[in-house]
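# Breakdown of the fold
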Amino acid sequence: MAAALSVALLMLTGMIPALGYVGPMLASIVLIPVFNNFGRRAAVLTYVVTALLILILGADKEAAFFYIFFGYYPAVKPLLDEITPAFLRRLVKFLLFFVSAVLMDLILIKLLGITLEEVVPSDVLSKTGISARTFAILAEGMFCLMVALVMAMYDWLLSRLMKSRFFGKNIRLPQ
């Protein structure tokens, strides 16, 4: 049921483009009650099933890849929260987000065949005075930094949700 709800949320990204990044985050929040009630293994299995289904069925492949590279986070967040020095914990989380963003972006560029010329016209690049390769690296770095910062805010939201009354309690199943 949780995987079906996640897939339904992710399918909305194909119909409502504004949900491109929000949809995968909402879909991954569904993992919190699964994790709390059935454990990490069930949450990871739900994540894998959702990722495979949305990759096959989803219209918005960018949102599907965003879920694939970041949707697992609610299942691993409790492990990362056990890192004792707060600075090291934040650094590890930031590096996880940054590396995931770089990998996701590189794979999307290779799969979708996006070139810099499609995004930024060559006359604009010539006016800036920097090479296309340098511009691409700077743009990639800025994108990945923005994704890492958004994911840091998402981490804060997940911390609040996991402690909330609704998500923090185990649900008793009928016998």
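As shown above, the structure is provided for reference.
Parameters and conventions
- Residues numbered from 1 in each chain as written.
- Predicted model: local features only at pLDDT ≥ 70, side-chain atom pairs only at ≥ 80, totals over all residues.
- Heavy atoms only, no water.
- Helix = DSSP H or I, 4+ residues; strand = E, 2+ residues; numbered from the N terminus.
- Buried < 20%, exposed > 50% of the residue type's maximum accessible area, 1.4 Å probe, protein only.
- 1 Å grid on protein atoms, 1.4 Å probe; cavity = no way out; pocket = protein on both sides within 12 Å on 5 of 7 lines; lining within 4 Å.
- Points joined across faces, edges and corners; volume = space filled by probe spheres on them.
- Nonpolar A, V, L, I, M, F, W, Y, C, P; charged D, E, K, R; others polar.
- Salt bridge = Lys/Arg side-chain N within 4 Å of Asp/Glu carboxyl O.
- Phe/Tyr/Trp six-rings, centres within 6.5 Å; stacked < 30°, edge-to-face > 60°.

Topologically, Leu-12 is positioned in helix α1 (residues 2–15). For Leu-12, a relative accessible area of 33% puts it in the partly exposed group. A sequence separation of 47 residues divides Leu-12 from Ala-59, and the C-alpha atoms of the two residues are 9.1 Å apart.

Over the atoms rolls a probe the size of a water molecule, and in doing so it shows where empty space is left. For the coordinates displayed, the defined rule picks out one cavity of 30 Å³ or more. The calculated volume of the largest cavity comes to roughly 40 Å³. Around the largest cavity sit Pro-24, Met-25, Ser-28, Phe-66, Tyr-67, Phe-70, Gly-71, Met-151 and Tyr-154, which together line it. Secondary structure elements with two or more residues in the lining of the largest cavity: α2 (22–29), α5 (61–70) and α10 (132–163). Here the residues of the lining of the largest cavity sort into seven nonpolar, two polar and no charged.

To continue, consider the pattern of salt bridges. Across all of its chains, the model carries two salt bridges by this definition. In this structure, Asp-81 engages Lys-77 in a salt bridge whose closest nitrogen and oxygen atoms are separated by 2.7 Å. Residue classification places Lys-77 among the buried residues on the basis of a relative accessible area of 1%. We note a salt bridge from Lys-93 to Asp-81, for which the minimum N-O separation is 2.5 Å. Highlighted residues: Lys-93 in helix α7 (residues 86–112) and Asp-81 in the loop between α6 (73–80) and α7, separated in sequence by twelve residues. What makes Lys-93 buried here is its relative accessible area of 7%.

Moving on: the packing of aromatic side chains. Enumeration according to the criterion identifies six aromatic pairs in this entry. Judged by centre distance (5.5 Å) and plane angle (35°), the rings of Tyr-47 and Tyr-67 are tilted. One end of the pair, Tyr-47, is in helix α4 (residues 40–57); the other, Tyr-67, is in helix α5, with 20 residues separating them in the sequence. Pairing Phe-94 with Phe-98 gives two aromatic rings, centres 6.1 Å apart and planes at 20°, and the pair type is stacked. In this pair, Phe-94 and Phe-98 are both assigned in helix α7, four residues apart and thus about one turn of the helix distant.

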